[in-house]
Amino acid sequence: MAPALSTNTSATTASATAAVGEDRAPATGVRIDHVHKSYDGRSVLDDITLDVRPGEFVCLLGASGCGKSTLLNLVAGLDRPSAGTIEVPGGRPALMFQEHALFPWLTAGRNIELALRLRGVPRAERRAEAERLLRLVRLGGSYGKRVHELSGGMRQRVALARALAQDSRVLLMDEPFAALDAITRDVLHHELTRIWSETSLSVLFVTHNVREAVRLGQRVVLLSSRPGRVVREWTVDIPQPRRIEDAAVADLSVEITEELRGEIRRHGRD
Amino acid sequence: MAGTETERPRTGEGSRAGDLAGGDLAGGDLAGLEAGLDALDAVPVKRTPLREVLLRKVLPPVAAVVLVLVVWKLLVLAGVTDDYKLPDPSAVWGALRRLWLEGTLFGIVWTSVSRGLLGFLAALAIGTPLGLLVARVPLIRAALGPVLSGLQSLPSVAWVPAAVIWLGITDSAMYAVILLGAVPSIANGLVSGIDQVPPLYLRAGRTMGATGARGAWHVLLPAALPGYLAGLKQGWAFSWRSLMAAELIASSPDLGLGLGQYLENARTDSDMPGVLLGIVLILFVGIAIDLIVFSPLERRVLRSRGLATR
């Protein structure tokens with residue numbers, strides 16, 4: 001029972017996504033439509049069209065200079081596209097960075113409460129909600145901990161809890177586990193998949209780690225570099241829970257890595 | 001692997017066995033793995049016991065002061081110079097005792113300290129909004145930034161003659177000199193505090209909806225606090241220095257006897273023990289305010305952020 005792998009080029013994205021409830025109005029999710037972005041006349045993103053369906057987990061993969069982070073900034077509303085449109089119907093998406101970006105002057109719990117406060121949650125409910133979110137990332141006893149008292153993995157879990165506190169329908173993640181050691185990253189992959197499957201979050205996860213992308217995503221989208229273009233995408237049919245060392249994950253990773261290498265080599269010839 | 005399967009009540013069937021074992025490992029063992037990682041990686045925070053604090057932080061400066069006194073006494077005993085140039089430490093002690101018995105000691109110190117603190121608070125009230133404007137408004141920064149940095153390196157004694165001509169030998173002249181000395185420090189401290197805020201915090205704040213005034217209040221100002229506190233600390237040092245310079249130069253009987261004027265009176269009387277006592281008292285007040293107010297504040301802020309080195 002080998003997992004079926006189907007690959008589509010970007011041109012056939014629409015037909016590939018039609019299988020899952022296209023008749024319902026897209027309640028939430030992300031719609032990136034022919035987006036261009038250039039800085040000082042240099043094109044960074046070129047004609048990106050990509051949908052993340054409600055509740056879908058999409059990994060964006062690419063080498064340096066593919067504009068992954070730029071694209072996330074655009075979706076997060078921190079920057080505007082030069083052309084094209086981005087729709088995030090669920091409101092302001094939550095964003096997680098490679099660095100935890102927790103505020104060191106607040107405790108773990110207070111960091112989460114700040115997100116709740118900015119969202120407009122009444123004061124009386126914040127404490128309980130923050131503790132619930134900490135329990136969700138398995139850090140029940142860490143409400144009063146200072147950021148510097150937490151390990152790298154714990155910080156990213158608090159950052160995840162803070163992102164969830166925004167109660168967005170869309171979670172954007174910018175290489176959030178890149179700075180962690182392999183075992184910690186493995187644990188966080190598991191936690192993220194668990195939390196994603198318990199909620200109806202749409203996730204757009206940027207990484208340069210092919211295995212990570214295959215381990216986590218329902219779809220993996222490969223971007224080219226300078227400028228960033230959608231080159232190809234893969235639907236990952238390996239059932240969850242996956243493990244990073246699964247043979248099926250490895251097989252698809254090899255295939256995607258080949259494609260990624262080809263993309264990188266292309267730049268050496270220019 | 002085999003052991004895991006025999007312990008499980010239901011046996012895996014056929015090709016799914018591998019998947020199930022994987023899923024089980026992910027559910028059960030990963031939680032344990034996670035707890036283990038958390039325990040191993042968490043940074044232990046320990047408080048230093050009082051005895052160690054006394055031994056490491058209180059003893060060395062006390063020993064240094066004692067050493068200075070001993071060297072001083074030895075120099076006097078060796079007779080390196082005339083008595084009126086280098087009096088015995090006991091003569092300085094005698095001068096202190098006399099002030100104490102006359103009941104004027106606290107009056108003298110308080111006259112200067114109250115002026116210094118009041119001037120510092122005024123400098124705080126002016127320097128903080130000024131610093132915010134300079135940090136956040138590019139035009140104001142271009143115009144005032146270099147002026148503020150320049151003023152910071154200008155010794156505030158230089159303002160005393162101008163202040164005396166404008167305002168006469170009055171308390172107002174003293175406060176003017178304090179303000180001109182301390183406002184640039186405080187404003188510059190806030191500017192550099194804000195400049196050093198990692199842009200990541202501001203981005204994180206914006207994605208959570210902390211923009212505009214809410215962003216300033218919840219993210220920008222708390223993030224800039226360490227730099228601001230360093231500015232306040234330096235601002236106090238400048239206030240105190242400027243005040244002493246002003247009191248020394250612009251001394252008048254109408255102004256009430258402060259430390260600077262006490263020092264100046266002792267000089268005119270060729271009262272070397274009094275001069276030395278004045279210097280020691282000025283030094284003492286400067287150190288005491290720093291130790292009582294600023295250092296604990298700064299340490300608390302830095303420690304809560306994991307930035308304190310000691």
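None of the values given here were measured: they were computed from a predicted structure. (Residues numbered from 1 in each chain as written. Chains lettered and ligands numbered in written order. Predicted model: local features only at pLDDT ≥ 70, side-chain atom pairs only at ≥ 80, totals over all residues. Heavy atoms only, no water.)

**Student:** Could you clarify how one ought to interpret the overall build of chain A in this entry?
**Tutor:** Of regular secondary structure, chain A possesses 8 helices and 10 strands. Counting the 270 residues in chain A, one finds 54% classified as buried. Considering only intrachain contacts with a sequence separation of at least 6, the fraction spanning at least 24 residues in chain A is 72%. Accessible area for chain A stands at about 11,400 Å²; split by element, carbon and sulfur atoms hold 48% of it. (Helix = DSSP H or I, 4+ residues; strand = E, 2+ residues; numbered from the N terminus. Buried < 20%, exposed > 50% of the residue type's maximum accessible area, 1.4 Å probe, protein only. Contact = heavy atoms within 4.5 Å. Areas by Shrake-Rupley, 256 points an atom, 1.4 Å probe, with all protein chains shown as cover.)

**Student:** Hey, could you run me through the overall build of chain B in this one?
**Tutor:** Tallying secondary structure elements over chain B gives 12 helices and 0 strands in all. Order of helices (α) and strands (β) in chain B, N terminus to C terminus: α-α-α-α-α-α-α-α-α-α-α-α. Residues counted as buried form 38% of the 310 residues belonging to chain B. Within chain B, residue pairs in contact and separated by at least 24 positions form 69% of the contacts whose partners lie at least 6 positions apart. Of the accessible surface of chain B, which amounts to about 17,700 Å², a share of 68% is contributed by carbon and sulfur atoms.

**Student:** Would you mind going over the confidence of the model for chain A with me for this structure?
**Tutor:** Caution applies to low-pLDDT parts of the model: their predicted coordinates are not meant to be read in detail. Chain-level statistics for chain A give a pLDDT mean of 80 and a share of 88% at 70 or above. Mean pLDDT values for the elements of chain A range from 37 in helix 1 (residues 13–17) of chain A up to 91 in helix 3 (residues 108–119) of chain A. (pLDDT = per-residue confidence, 0-100.)

**Student:** What is the right way to read the side chain of Asp174 of chain A from this model?
**Tutor:** Within the secondary structure layout, Asp174 of chain A lies in strand 7 (residues 170–174). Here Asp174 of chain A is in contact with Ser69, Leu72, Met96, Phe97, Gln98 and Val206 of chain A, once residues within four sequence places are set aside.

**Student:** Is there a simple way to think about helix 6 (residues 182–198) of chain A in this case?
**Tutor:** Residues separated by three or four positions in an α-helix point in the same direction, a consequence of the helix having 3.6 residues per turn. Residues and elements named next belong to chain A. Counted at 1.5 Å a residue, the expected span for helix 6 with its 17 residues is 24 Å, and the 24 Å between its end C-alpha atoms agrees. Counting buried positions along helix 6 yields 13 of 17 residues, so the element is predominantly enclosed. The opening residue of helix 6 is Asp181, an N-cap whose side-chain oxygen sits 3.2 Å from the backbone nitrogen of Ile183. (Expected span 1.5 Å × (residues − 1). Polar contact = N/O pair within 3.5 Å; in protein donor to acceptor, adjacent residues only side chain to side chain.)

**Student:** I'm lost on the pairing of strand 10 (residues 230–235) of chain A in this one. Help?
**Tutor:** In regular strands, side chains alternate between the two faces of the sheet. Of all the 6 residues making up strand 10 of chain A, 5 are buried; the element is thus mostly covered by neighbouring parts of the structure. In this structure, the hairpin formed by strand 9 (residues 219–223) of chain A and strand 10 of chain A is closed by a connection of 6 residues, where Arg226 of chain A is found at a positive phi of approximately 40°. (Pairing = 2+ DSSP bridges.)

**Student:** Honestly, the side chain of Ser304 of chain B in this entry has me stumped. Any pointers?
**Tutor:** With respect to the helices and strands, Ser304 of chain B occurs in helix 12 (residues 272–304). Filtering out sequence-adjacent residues up to four positions away, Ser304 of chain B remains in contact with Pro104, Arg146 and His148 of chain A.

**Student:** Just to check I follow, could you spell out the interface of chain B and chain A for this structure?
**Tutor:** Interface size is often expressed as the accessible area that is lost when the parts come together. With 36 residues of chain B at the contact, the number on the chain A side is 36 residues. Surface buried jointly by chain B and chain A totals about 3,400 Å² across both partners, of which 65% is contributed by carbon and sulfur atoms. At the junction of chain B with chain A, the criterion picks out 0 salt bridges. Summed over the shared surface of chain B and chain A, the result is 3 residue pairs in polar contact (both at pLDDT 80 or more). Contributing elements (two or more residues each) for the side of chain B that touches chain A: helix 2 (16–41), helix 9 (199–207), helix 10 (212–249) and helix 12 of chain B. Looking at which element gives the most residues to the side of chain B that touches chain A, the answer is helix 2 of chain B, with 13 residues. Split into classes, the residues belonging to the side of chain B that touches chain A amount to 17 nonpolar, 10 polar and 9 charged. (Buried area = accessible area lost by both parts, 1.4 Å probe. Salt bridge = Lys/Arg side-chain N within 4 Å of Asp/Glu carboxyl O. Nonpolar A, V, L, I, M, F, W, Y, C, P; charged D, E, K, R; others polar.)

**Student:** Help me out: how do you make sense of the sheet that holds strand 3 (residues 42–52) of chain A in this one?
**Tutor:** Sheet strands pair by backbone hydrogen bonding; their relative direction is either parallel or antiparallel. All names here are of chain A. Pairing is antiparallel in the open sheet, where 3 strands are placed in the order 3-2-5. Looking at which strands have only one partner, the edges of the open sheet turn out to be strand 3 and strand 5 (83–87). Strand-to-strand twist in this sheet, taken as the mean axis angle between neighbours without regard to direction, amounts to 20°. The pairing of strand 2 (residues 30–39) with strand 3 spans 7 bridges and is classified as antiparallel. Residue Lys37 lies in a different strand from strand 3, and its bridge partner there is Leu45. (Axes fitted to C-alpha atoms, helices over the stretch in contact; angles between N-to-C directions.)

**Student:** Would you mind going over the packing of helix 10 of chain B against helix 11 (residues 259–268) of chain B with me for this structure?
**Tutor:** Residue and element names in this part refer to chain B. Orientation of helix 10 relative to helix 11, taken along the N-to-C sense of each, is 40°, at an axis distance of 7 Å. Between helix 10 and helix 11, the interaxial angle falls into the category oblique. Both helix 10 and helix 11 take part in a crossing whose hand is right-handed. Between helix 10 and helix 11, the contacting residues are Trp240, Met244, Glu247 and Leu248 on the first element and Leu259, Gly260, Gln261, Leu263 and Glu264 on the second. Of the residues in the contact of helix 10 with helix 11, the class split is 5 nonpolar, 2 polar and 2 charged. (Parallel < 35°, antiparallel > 145°, perpendicular 65-115°, else oblique. Left-handed = near helix turned anticlockwise from the far one by under 90°.)

**Student:** Any chance you could explain the packing of aromatic side chains here in plain terms?
**Tutor:** Aromatic rings considered in pairs are described by the distance between their centres and by the relative angle of their planes. Counted according to the given criterion, the structure contains 10 aromatic pairs over all chains. Arranged with centres 6.0 Å apart and planes meeting at 35°, the rings of Phe57 of chain A and Phe205 of chain A form a pair that is tilted. Here Phe205 of chain A lies in strand 8 (residues 202–207) and Phe57 of chain A lies in strand 4 (residues 57–61), a separation of 148 residues in the sequence. The pair formed by Phe57 of chain A and Phe205 of chain A is uniform in burial state, with each residue classed as buried. Ring centres of Phe103 of chain A and Tyr201 of chain B lie 5.7 Å apart, and the angle between their planes is 85°; this geometry places the pair in the edge-to-face category. With Phe103 of chain A in the loop between strand 6 (94–96) and helix 3 and Tyr201 of chain B in helix 9, this pair bridges two chains. By relative accessible area, Phe103 of chain A is classed as buried at 0%. Among the aromatic side chains, those forming a connected cluster through ring pairs are Phe57, Phe177, Trp196 and Phe205 of chain A. (Phe/Tyr/Trp six-rings, centres within 6.5 Å; stacked < 30°, edge-to-face > 60°.)

**Student:** Looking at this structure, I do not really get a nonpolar patch on the surface. What am I missing?
**Tutor:** Residue and element names in this part refer to chain B. Together, Leu50, Leu54, Val58, Val62, Val66, Val70, Leu74 and Leu77 make up an exposed nonpolar region whose accessible area comes to about 740 Å². Position of Leu54 among the secondary structure elements: in helix 3 (residues 50–78). Here Leu54 falls in the partly exposed class, since its relative accessible area comes to 45%. (Patch = residues over 30% accessible without salt bridge, like charges linked within 9 Å, V, L, I, M, F, W, Y side chains within 5 Å.)

**Student:** Any chance you could explain a positive patch on the surface here in plain terms?
**Tutor:** On the surface, a cluster of positive charge is contributed by Arg92, Arg117 and Arg123 of chain A together with Arg214 of chain B. Secondary-structure assignment places Arg117 of chain A in helix 3. (Lys, Arg positive; Asp, Glu negative; His and termini not counted. Charge placed at Lys NZ, Arg CZ, Asp CG, Glu CD.)

**Student:** For this particular structure, what's the right way to read unusual backbone geometry?
**Tutor:** Peptide bonds are, in most cases, trans, and in most cases residues other than glycine have a negative phi. Residue and element names in this part refer to chain A. One non-glycine residue, His34, lies in positive phi territory at about 45°. Under the relative-accessibility criterion, His34 is labelled partly exposed at 43%. Located in the positive-phi region is Glu175, a residue other than glycine, with phi close to 45°. Assignment of secondary structure puts Glu175 in the loop between strand 7 and helix 6. Look at Glu175 and you get buried, because its relative accessible area is 12%.

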